[in-house]
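As a plain string of letters, each chain reads:
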Amino acid sequence: MSDPILIIIASAAVTYLTRVSGHIIISQFGAIHHRLRAALAAVPTAVMTALVAPSLFTHGPAEALAIAVAALVASRFSIIVSVVVSLIALVALRSLIG
């Protein structure tokens, strides 16, 4: 096999193992404390914030406005709708603002 295919397979295996290991470790404890459950529920939001927040300061105003649109739409609709609307907003704002 070629190197890129081996890298893809290895990356997929490592990603799968990290996801499964969390479930295996937590399942060993039985009942999960409500504070741990709340902390784990907040992880996706924290990850999205860590990925999106730097764009507010390092990119232009079009990106910042598109992030604001995404936040407003995400508060009312599903993630798919918010992604589609925010991408459309980003394209429109980039063509208007530059």
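Conventions adopted
- Residues numbered from 1 in each chain as written.
- Predicted model: local features only at pLDDT ≥ 70, side-chain atom pairs only at ≥ 80, totals over all residues.
- Heavy atoms only, no water.
- Helix = DSSP H or I, 4+ residues; strand = E, 2+ residues; numbered from the N terminus.
- Rg over C-alpha atoms; globule rule 2.2 N^0.38 Å.
- Buried < 20%, exposed > 50% of the residue type's maximum accessible area, 1.4 Å probe, protein only.
- Areas by Shrake-Rupley, 256 points an atom, 1.4 Å probe, with all protein chains shown as cover.
- Contact = heavy atoms within 4.5 Å.
- Expected span 1.5 Å × (residues − 1).
- Arc of directions from axis to C-beta.

### Digging into the overall build of the protein chain
Thinking step 1. Along the protein chain, the regular secondary structure elements total 4 helices and 0 strands.
Thinking step 2. Counted from the first residue to the last, the protein chain has its helices and strands arranged as α-α-α-α.
Thinking step 3. Taking 98 residues into account, the globule formula puts the C-alpha radius of gyration at 13 Å, and the protein chain, at 19 Å, lies well above it.
Thinking step 4. Projected onto its principal axes, the C-alpha positions of the protein chain cover 55 × 45 × 25 Å.
Thinking step 5. Burial analysis of the protein chain (98 residues in total) assigns 9% to the buried set.
Thinking step 6. When the accessible surface of the protein chain is split by element, carbon and sulfur atoms take 75% of a total near 7800 Å².

### A look at the environment of Ala62
Thinking step 1. Tracing the backbone shows Ala62 in helix α3 (residues 61-74).
Thinking step 2. Beyond its immediate chain neighbours, meaning those up to four positions away, Ala62 contacts Leu90, Leu93, Arg94 and Ile97.

### Comments concerning α3
Thinking step 1. If you check α3, its first and last C-alpha atoms are 20 Å apart, about what 14 residues at 1.5 Å a residue would give, namely 20 Å.
Thinking step 2. Among the residues of α3, Ala62, Glu63, Ala66 and Val73 are the ones counted as buried. Relative to the axis of α3, the buried residues are bounded by an arc of 95° and lie together on one face. Across α3 from its buried face, at more than 90 degrees, point the exposed residues Pro61 and Leu72.
Thinking step 3. Buried-residue contacts for α3 involve α4 (79-97).

Keep in mind these values describe shape, not function.
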